[in-house]
Amino acid sequence: MNILLELFVVTFRVLWAFVLAAAKWLVRPKEKSVAGQVCLITGAGSGLGRLFALEFARRRALLVLWDINTQSNEETAGMVRHIYREMTEAAATPRVAGDGEKDALPHCDLQVYTYTCDVGKRENVYSTAERVRKEVGEVSVLVNNAGVVSGHHLLECPDELIERTMMVNCHAHFWTTKAFLPKMLEMNHGHIVTVASSLGLFSTAGVEDYCASKFGAVGFHESLSHELKAAEKDGIKTTLVCPYLVDTGMFRGCRIRKEIEPFLPPLKPEYCVKQAMRAILTDQPMICTPRLMYMVTFMKSILPFEAVVCMYRFLGADKCMYPFIAQRKQATNNNEAKNGI
């Protein structure tokens, strides 16, 4: 009898979860504040990482920026400081509210810290994390964003590049989370963001190492989320970000069927990050952009493999990475010829 009662309760909770999810589509949840909280972003020197840094800066978070490229990381920090200066000046000038009373922004000591870190190297991650704890404080928001792509067919890809892709895109999430999660658990407060990819939910030909690394990142994130739930640490939130192809230059040359492309163009990085920020600040567990990616993932789960192949071929998604790989190969050959190799 107990199991029947539990089954009834579980059924009710599942249906209620559908109701809540539908309600969030209709009524936009209130965004939480990250002002004054320490936010660490990996791969902050360019692309989505840089845009995430600017968005968190506008929300008055204290930024910790990690990137393997010192120069580009400092460029991002310069943009963040510019935003901080603008907000400080705005806070110093009282605004007149509608009722005639003066309304000033709350004070917050805004700072940005930069660290050169190769997240693909475990010891480098742990040592840099220790520096962050000593010099900045405990991290409240961890955005695992760093990513690389080799751009080679499997049999043409050097083993070293395959290992590098797995280390940066997947293994690094283990190291950064192990470094900062203990304090989050102690405080029962924090937010872990995994920037994965739609290629972590369904795959395509020619980028086996990239797909495997993103599938690994998605699996890690989902398992971690379940572990936090099992430990009843509801104060620690997790958000999985799975965008479609983003126009950052990472996959320059990637093409689907030309008749379909106008309806499914590469995402603008700014749009992708704004959608992700909305999900993060409303504690949404997962965000796929565009929403069509939810349908593709669902169809991949229920359709026979041959049906998926037919769908891929119709969309031109089966070989969409081939032009990108060809461009990378041509660029590599040109560099080798230029260097006399």
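Residues numbered from 1 in each chain as written. Predicted model: local features only at pLDDT ≥ 70, side-chain atom pairs only at ≥ 80, totals over all residues. Heavy atoms only, no water.

Description of the packing of aromatic side chains
The following threshold applies: By convention, a stacked pair of Phe, Tyr or Trp rings (six-membered ring in the case of Trp) has centres within 6.5 Å and planes under 30 degrees apart, an edge-to-face pair has planes over 60 apart, and any other such pair is tilted. In this description a helix means any DSSP run of H or I spanning at least four residues, a strand means any run of E spanning at least two, and both kinds are numbered starting from the N terminus. For every residue, the accessible area (1.4 Å probe, protein chains only) is compared with the maximum for its type, and the residue is labelled buried under 20%, exposed over 50%, or partly exposed between those bounds. A ring is scored as having a charge over it whenever the NZ atom of a lysine or the CZ atom of an arginine sits within 6 Å of its centre and within 35 degrees of its normal.
Following the criterion strictly, the structure yields 6 aromatic pairs and no others. Look at Y126 and W175: their rings are 6.4 Å apart centre to centre, the planes differ by 70°, and that puts the pair in the edge-to-face class. Of this pair, Y126 sits in helix α4 (residues 122–135) while W175 sits in helix α5 (residues 159–187), placing them 49 residues apart in sequence. Taking the centre distance of 5.0 Å and the plane angle of 80° together, the rings of Y210 and F251 count as edge-to-face. Of the two residues, Y210 is situated in helix α6 (residues 208–230) and F251 in the loop between β8 (236–243) and α7 (269–281); the sequence distance between them amounts to 41 residues. We classify Y210 as buried; its relative accessible area is 5%. With relative accessibility at 10%, the residue F251 sits in the buried group. A connected cluster of aromatic rings, assembled from ring pairs, spans Y126, F174, W175 and F220. The ring of W175 carries R122 above its face, with NZ or CZ at 5.6 Å from the centroid.

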